[in-house]
Every structure is written in C-alpha cells, then in structure tokens.
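# Chain and residue survey
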Amino acid sequence: QVQLVESGGGLVQAGGSLRLSCAASGRTFTFSTYVMGWFRQAPGKDREFVANINWSGGVINYSGSVKGRFTISRDNAKNTAYLQMNSLKPEDTAVYYCAAGRVASAVAGAFGSWGQGTQVTVSS
C-alpha cells in the first residue's frame, strides 16, 4: 500500500553533484507524519545510514561521512524527500535507498518502508 520510488542516481565524476528524489504514495500513507531517511549500501558492505529528517523538517541528522556535503530535505505537499549530494567522492558509490519510519533513527530496522534503490557511481 505504501510505495517509495527513488530517482536521480547516475554516474558522476568525483567532486560532482547529484540530487536524489524519493516520491511516496499509497492510500494509507500520510507522508507528513513520517520520518524520512536515506541509507546506502555498497557491494559487500553493510547498509549505512546517510541522513534523516523529521515531519517538519526541523530535525535533521547526518552521518559523519556526508555531513557538510549532503543535504536532506522534504516537500510534504509533494510527498517527496530529497538528498542533494555535493562534492561526491568515490567512496560514496553505492545503491541509495529512501525509507519511511515513525521515529528519527539512524538504524535501518526503525524504518518500515523502503524504496527500490537508485545507483550512484562516482568515478575517480
């Protein structure tokens, strides 16, 4: 019933930028009440927290590896969350997933709904 669809991934050169979008839909999904998060996972690596944002956008958290380079935001009227990624590094290469949950958390298990993921590849 709840669907999250990521878009905006691609191949970029180190130092470049990408903007990921996560569109939420579903008859029972109330976007404005959910914490939205972004996670990423590289092959052979654990799923890694990237950022989250609460319902109002007033509480935002970032992992140390992306702080200062990435910006999470949301537009409740559009049921969409965003991740602006600047100064990309090769180590940012991963599949990026958006997620929706009820509490602000950096733990993947706290999020009950997930998108399909979008590939981000940063070349050296």
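Residues numbered from 1 in each chain as written. Predicted model: local features only at pLDDT ≥ 70, side-chain atom pairs only at ≥ 80, totals over all residues. Heavy atoms only, no water.

### With respect to unusual backbone geometry
Located in the positive-phi region is Asn-79, a residue other than glycine, with phi close to 50°. As for its position among the elements, Asn-79 is in the loop between β7 (70-75) and β8 (80-85). Overall, Asn-79 belongs to the partly exposed group, its relative accessible area being 28%. For Ser-87, which is not glycine, the phi torsion reads 50° and is therefore positive. Looking at the secondary structure, you find Ser-87 in the loop between β8 and β9 (94-101). A relative accessible area of 41% places Ser-87 in the partly exposed class. (Helix = DSSP H or I, 4+ residues; strand = E, 2+ residues; numbered from the N terminus. Buried < 20%, exposed > 50% of the residue type's maximum accessible area, 1.4 Å probe, protein only.)

### Describing the packing of aromatic side chains
All chains considered together, the criterion is met by 4 aromatic pairs. Geometrically, the ring pair formed by Phe-39 and Phe-49 is edge-to-face, given 5.6 Å between the ring centres and 70° between the ring planes. Of this pair, Phe-39 sits in strand β4 (residues 35-41) while Phe-49 sits in strand β5 (residues 48-53); the two residues are 10 residues apart in sequence, bridging distant segments of the chain. Phe-49 matches Phe-39 in its accessibility class, with the two residues each being buried. (Phe/Tyr/Trp six-rings, centres within 6.5 Å; stacked < 30°, edge-to-face > 60°.)

### Quick notes on the side chain of Asn-52
Structurally, Asn-52 can be placed in strand β5. Look at Asn-52 and you get buried, because its relative accessible area is 2%. Looking at Asn-52, its side chain comes within polar contact range of the side chain of Asn-61, at 2.8 Å. Side-chain polar atoms of Asn-52 contact the backbone oxygen of Ser-105, separated by 2.8 Å. Not counting residues within four places of it along the chain, the set of residues in contact with Asn-52 comprises Val-35, Met-36, Gly-37, Val-59, Ile-60, Asn-61, Ile-72, Ala-104, Ser-105, Ala-106 and Phe-111. (Polar contact = N/O pair within 3.5 Å; in protein donor to acceptor, adjacent residues only side chain to side chain. Contact = heavy atoms within 4.5 Å.)

### Let's talk about the sheet that holds strand β3 (residues 18-25)
Strand order in the open sheet formed by 4 strands is β1-β3-β8-β7, with antiparallel pairing between adjacent strands. Because the sheet does not close on itself, it has two edges, and the strands there are β1 (3-7) and β7. Adjacent strand axes in the sheet meet at a mean angle of 15°, parallel and antiparallel pairs treated alike. Judged from the 5 bridges that link them, β1 and β3 form a sheet pairing that is antiparallel. Looking at β3, one finds that Gln-3 is bridged to Ser-25. (Pairing = 2+ DSSP bridges. Axes fitted to C-alpha atoms, helices over the stretch in contact; angles between N-to-C directions.)

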